[in-house]
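# A closer look at the structure
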Amino acid sequence: MNQPKKKKVVVKQEESLIVQLFSRYVFYWPLFLALTLVFGTAAFFYLRYTTPMYEANATMIIKDEKKGTENSKGVDELNMINSKKIIENEIEVLQSRSIMENVVKNLHLYAPISHEGKIRSLSAYTLSPVTIIVENPDELIEAKNVNFKYDKTTEKIFINGIYSGKLNEWITTKYAKIKFVKNKSYSPSNLQKSFEFSFIPVKEMTMRLLIALQITSANKLSSIISLSYKDEVPKRSEDVVNELIAMYDQASVNEKNSLAKNTLQFVNERLNIVSTDLDSIEQTVQKYKTGTGAQDISTQGQLYLQNVSNNDQELGKINMQLAILNQVDQAVSKGNSGSLGINPTSIGITDPGLTQLISDLNSKELEYERLKKTVAENNPMLISIRDQINKIKPDIQNNLVTQRKNLEISQNNFMRTNNAYNSMLRTIPQKERDILEISRDQNVKNSIYSFLLQKKEESELSYASTLSDSRVINSAQASKYPVSPNKKLIFIGAILASLVLGILFITAKDFLNSKILYRKDLESMTAIPVLGEIAQNDGKESIVIGAGKRSFIAEEFRKIRASLHFLGINADNKKILVTSSIPGEGKSFVSGNFAISNALTGKKVCLIDIDLHNPGLGKMFGKTTEDPGISDYLNGKKQPEDIIKKVPEFENLFFVSSGAIHESPSELLLNGKIKDFIAYLENKFDLIILDTAPSVLITDAYYLTDLCDATLYIVRHKYTPKMIIKRIDETLEINPLKNIAIIFNGVKKRGFFKNNYGYGYDYVYGGKYGLTDDKKKKSKTQESRS
């Protein structure tokens, strides 16, 4: 049950904060409106003259050895030289300068064509019927906005108004040797025939494209990557992304073909050696039979060959594998950074562990070579791959040692078996025995030759294969509408900027102001409670309250009157001291109108102008310093009855003026008579109000406060310094003022509204609810009763 209540309180606090902020800044709506118009106009012109950008997006999947992407079995059989990829590295490869340079050259982006627009030149990528090819793009000279015309009928080219050549002909210019060809992306239009071309260095154009390119992975567990590219021409954005994917696939195929080519070269070398051996053996057999007249092999010889054939084939395979292991060992021991350049399965290595290690080494070294072209030598990614290579090589060498030992053991076993067959060979006649030995060598070489032919065919299949390690899921497609600038976002940003700038301006203005501006400033700087607020009096009359008056300021005085119980003012405690910090804060204005407000309720009120230094309260009631007053009583020249004067305009209000100016007014208060005078008034009046001098400059208030029951401390809006308010609490600890409360006087209009004090008082004193003459009479009667 308690939880909902807490939640409700929090909501109210949040709503209160919002209301406070709204009420603080809403009155400056013309400023916010002006700023909104300025920023809105700026946003309009920005959108009007900024080139709209379209975005082409594509997705592709890459075989990642960490994320389990595999081809089908049939595809793997064709793609026997298969290198697994790491998606993070492939993203770097896709963003490499070398691949993007190929895109720039293939699409001829180094020679953009444009046409004149109303404000600026616009791209004519799809509007120009021709495009430009440079013979050597790397050596072109930079040029800007070179005018040319193309005549479709005659296919003639005019550069800067001069005939330069025809379509598909090489033209020598001062910039480069160029050729105009038909534009494959041309979309016929009614555009003028005059265009402009520019030449941009390939490297600079490459960097521009890379800046606009963004490649991301779908998530950490996926091998799908997304490619996006922004361009002012939708078709060009699609072409760039599609060509980038094509160049990446081509680079991947070229790497595998390089590996297949090296493997095929190794197999051919072995085939040439075995082929030469076979030719030599066949010639030996022929010569032997011709020279000795030997006949065909007998049944016993046939049995020998049959038994020894399989043994010799296995022994031959072992010998070849030992030779391959020795070659791999030599390649690894060189310690170079290049790839081994051979596919282990294509040269007869059957051990899965060694095959995997060699494949990993090939993959890492190829990856190292690719990244070395795009990043610096000290790049963390390049260093990481180099460390992986250095770890794989010792593992390969250790595996080679183990494999060599196993093969040597098998070799010895087969050789022992051969010795047994050699014993059998001794029982055969000499001529037939010689033929059998020669035939035996021939069978061994034939089996090796057949094996190498098979591996050669596999390598040729891999070399001819154009299968890539990636697959396009979605080809590049440009957005139908521009992705930037975002109109909604720009206008929302303009509105927010105007609000923020307006708030900052108002806040800075208030912060730099050293005067009290808000009630919350008072509440934050002092612990003294604020009893009420009084609006600025813009009228000429000092008296703003009277019978039947329902003005804004009069209503505020009534509120303060109703709050007297907060200070404990009653029949027994009826003496109120009114003071301020410095002159000009309106304490006399507040004292006079406050006294009138109380007198209208039927209470008998005595108002005393006891500011003996700079009296000003008498002016409100037509009195001067020449009239007898409190100073005359304190001097002993007058009695209380002589200085207490009834105010004719207000039935229950009596006024005591300051009297003649004394040369030592503060000392005059200390003669003790003021205490007797106040005691005399207590027996005669229901409420006594003393208007004394400012407390910061004069000490009178600190003496008089002991004779009073409460103190009203006047602070004026945009007048009283903040520094004085900050020191009030410290001052009161030394010289306390009894039962003190603040009246926030002269609160001026804020912002640009006509009536913007934060409240609507039409119901009380304006609008269609304004008081008629009859109602004013009733109001006067009711006020006198209250």
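Predicted model, so just to flag it, every value in this text is computed and none were measured.

## Brief notes about the overall build of the protein chain
Along the backbone of the protein chain there are 24 helices and 21 strands. Out of the 786 residues in the protein chain, the part that is buried amounts to 45%. Across the protein chain, contacts joining residues at least 24 apart in sequence account for 78% of those joining residues at least 6 apart. Within the structure as shown, the protein chain displays about 41700 Å² of accessible surface, and the carbon and sulfur contribution to it stands at 53%.

## Some thoughts on the sheet that holds strand 1 (residues 54–62)
Read from one edge of the open sheet, four strands run 11-12-1-13, paired in antiparallel fashion. Looking at strand neighbours, the two that pair on one side only are strand 11 (213–217) and strand 13 (470–478), the edges of this open sheet. On average, each strand axis in the sheet is inclined to that of its neighbour by 15 degrees, with strand direction left out of account. As defined by bridge partners, strand 11 adjoins strand 12 (residues 224–231) across five bridges and the pair is classed as antiparallel. Each bridged residue has a counterpart across the sheet, and for Gln214 the counterpart in strand 12 is Ser228. Contacting strand 1, strand 11 and strand 12, helix 4 (residues 87–94) crosses the sheet at an angle of about 170 degrees to strand 11.

## As for the sheet that holds strand 3 (residues 121–123)
Strand order in the open sheet formed by six strands is 3-2-10-5-6-7, with antiparallel pairing between adjacent strands. At either end of the open sheet lies a strand with only one pairing partner, and these are strand 3 and strand 7 (162–166). Averaged over all pairs of adjacent strands, the angle between their axes in this sheet comes to 40 degrees, without regard to strand direction.

## What about the packing of aromatic side chains?
Here the structure, examined in full by the defined rule, presents 13 aromatic pairs. Considering the side-chain rings of Phe148 and Phe197, the 5.8 Å spacing of their centres and the 50 degrees angle between planes classify their relative orientation as tilted. Of this pair, Phe148 sits in strand 5 (residues 143–151) while Phe197 sits in strand 10 (residues 194–199), placing them 49 residues apart in sequence. Members of the aromatic cluster, each reached through a chain of ring pairs, are Phe148, Tyr175, Phe180, Phe195, Phe197 and Phe199. Cation over ring: Lys156 sits above Tyr163, and NZ or CZ is 5.6 Å from the ring centre. Here the guanidinium or amino end of Arg716 rests over the ring plane of Tyr719, the centre of that ring lying 5.4 Å away.

## Quick word on the environment of Cys606
Tracing the chain through its elements places Cys606 in strand 16 (residues 605–609). Classification of Cys606 by relative accessible area gives buried; the value is 0%.

## Focus on the nonpolar core
A general tendency of soluble globular proteins is for nonpolar side chains to be buried together. Among the nonpolar cores identified, the biggest contains 83 residues, and Ile178, Phe180, Phe197, Phe199, Ile225, Leu227 and Ile396 are the most heavily contacted of them. It is helix 7 (residues 234–292) that provides the largest number of residues to this core, a total of 10 residues. Leave out the neighbours within four places in its chain, and Phe199 touches Tyr110, Ala111, Ile132, Val134, Leu140, Ile141, Glu142, Ala143, Tyr175 and Ile178. Counting residues in each nonpolar core, the second largest holds 41 residues, with Cys606, Ile630, Leu707 and Ile728 among its members.

## As for the layout of surface pockets
Approximately 940 Å³ is the volume found for the largest pocket. Residue lining of the largest pocket: 46 residues in total, with Leu109, Pro112, Ile113, Tyr125 and Arg236 positioned closest to the centre. Examining the composition of the lining of the largest pocket, we find that six residues originate from one element, helix 6 (residues 202–212), more than from any other. Broken down by class, the residue content of the lining of the largest pocket amounts to 21 nonpolar, 12 polar and 13 charged.

## Some thoughts on the pattern of salt bridges
A full pass over the atoms with the stated rule returns 13 salt bridges. In this structure, the salt-bridge partner of Arg519 is Glu533, at a minimum N-O distance of 3.1 Å. You can see Arg519 sitting in helix 13 (residues 519–525) and its partner Glu533 sitting in strand 14 (residues 530–535), a full 14 residues away along the chain. Look at Arg519 and you get partly exposed, because its relative accessible area is 31%.

## Some points on unusual backbone geometry
Note that the residue after Ser484, namely Pro485, is joined by a cis bond; omega there is -5 degrees. Mapped onto the elements, Pro485 comes out in the loop between strand 13 and helix 12 (487–512). Located in the positive-phi region is Asn145, a residue other than glycine, with phi close to 50 degrees. Within the secondary structure, Asn145 is located in strand 5.

## Some points on the side chain of Asp700
As for its position among the elements, Asp700 is in helix 20 (residues 700–704). Put simply, Asp700 is tucked away with no salt bridge, and the nearest opposite charge, on Lys587, sits 9.3 Å away. Here His613 takes part through its side chain, which lies 3.1 Å from a polar atom of the side chain of Asp700. Ignoring anything within four residues of it in the chain, the contact list for Asp700 reads His613, Ser666, Leu669, Thr692 and Ala693.

## What to know about helix 19 (residues 673–682)
The complete set of buried residues in helix 19 reads Ile674, Phe677, Ile678 and Leu681. For helix 19, the angular spread of buried residues about the axis comes to 95 degrees, placing them on one side.

## Considering the pairing of strand 19 (residues 687–691)
Most of strand 19 is tucked away: five of the five residues are buried. Alternating positions in strand 19 separate into two faces, Leu687, Ile689 and Asp691 on one and Ile688 and Leu690 on the other, with burial throughout. The pairing of strand 15 (residues 575–580) with strand 19 spans four bridges and is parallel. The residue of strand 19 that forms the bridge with Leu577 is Leu690. Direction of pairing for strand 16 relative to strand 19: parallel, over a ladder of five bridges. When the sheet's bridge partners are listed, Val605 is paired in strand 19 with Leu687.

## What to know about a nonpolar patch on the surface
On the surface, Phe44, Phe45, Tyr49, Ile119 and Phe491 cluster together into a nonpolar patch covering about 490 Å² of accessible area. With three residues, the top contributor of residues to the nonpolar patch is helix 2 (residues 29–49). If you trace the backbone, Ile119 turns up in the loop between strand 2 (113–116) and strand 3. By relative accessible area, Ile119 is classed as exposed at 52%.

## Considerations on the packing of helix 14 (residues 552–562) against helix 15 (residues 587–599)
Running from N to C, helix 14 and helix 15 cross one another at 75 degrees; their axes reach a closest spacing of 10 Å. Here helix 14 lies roughly perpendicular to helix 15, going by the angle between them. From helix 14, Ile553, Phe557, Arg558, Ile560 and Arg561 reach across to helix 15, where they touch Phe589, Val590, Asn593, Phe594, Ser597 and Asn598. Its residues placed into classes, the contact of helix 14 with helix 15 shows six nonpolar, three polar and two charged.

## Re the side chain of Thr601
Tracing the backbone through its elements, the reader meets Thr601 in the loop between helix 15 and strand 16. Only 2.4 Å separates the side chain of Thr601 from the backbone oxygen of Asn598, close enough to count as a polar contact.

## What to know about the confidence of the model for the protein chain
Here the protein chain averages 80 in pLDDT, while 80% of its residues score no lower than 70. For residues 1–15, every residue scores under 50 in pLDDT, and the model assigns this stretch zero contacts once sequence neighbours within four places are set aside. When the criterion is pLDDT under 50, residues 71–81 qualifies, and its contacts beyond four places in sequence or with other chains add up to 22 contacts.

## Section: the environment of Asn319
In this fold, Asn319 is placed in helix 8 (residues 299–333). Sequence separation between Asn319 and Leu407 is 88 residues, and the spatial gap between their C-alpha atoms is 8.3 Å.

Rules of the game
Residues numbered from 1 in each chain as written. Predicted model: local features only at pLDDT ≥ 70, side-chain atom pairs only at ≥ 80, totals over all residues. Heavy atoms only, no water. Helix = DSSP H or I, 4+ residues; strand = E, 2+ residues; numbered from the N terminus. Buried < 20%, exposed > 50% of the residue type's maximum accessible area, 1.4 Å probe, protein only. Contact = heavy atoms within 4.5 Å. Areas by Shrake-Rupley, 256 points an atom, 1.4 Å probe, with all protein chains shown as cover. Pairing = 2+ DSSP bridges. Axes fitted to C-alpha atoms, helices over the stretch in contact; angles between N-to-C directions. Phe/Tyr/Trp six-rings, centres within 6.5 Å; stacked < 30°, edge-to-face > 60°. Lys NZ or Arg CZ within 6 Å of the ring centre and 35° of its normal. Core = buried A, V, L, I, M, F, W, Y, C linked by side-chain atoms within 4.5 Å. 1 Å grid on protein atoms, 1.4 Å probe; cavity = no way out; pocket = protein on both sides within 12 Å on 5 of 7 lines; lining within 4 Å. Points joined across faces, edges and corners; volume = space filled by probe spheres on them. Nonpolar A, V, L, I, M, F, W, Y, C, P; charged D, E, K, R; others polar. Salt bridge = Lys/Arg side-chain N within 4 Å of Asp/Glu carboxyl O. Lys, Arg positive; Asp, Glu negative; His and termini not counted. Polar contact = N/O pair within 3.5 Å; in protein donor to acceptor, adjacent residues only side chain to side chain. Arc of directions from axis to C-beta. Patch = residues over 30% accessible without salt bridge, like charges linked within 9 Å, V, L, I, M, F, W, Y side chains within 5 Å. Parallel < 35°, antiparallel > 145°, perpendicular 65-115°, else oblique. pLDDT = per-residue confidence, 0-100.

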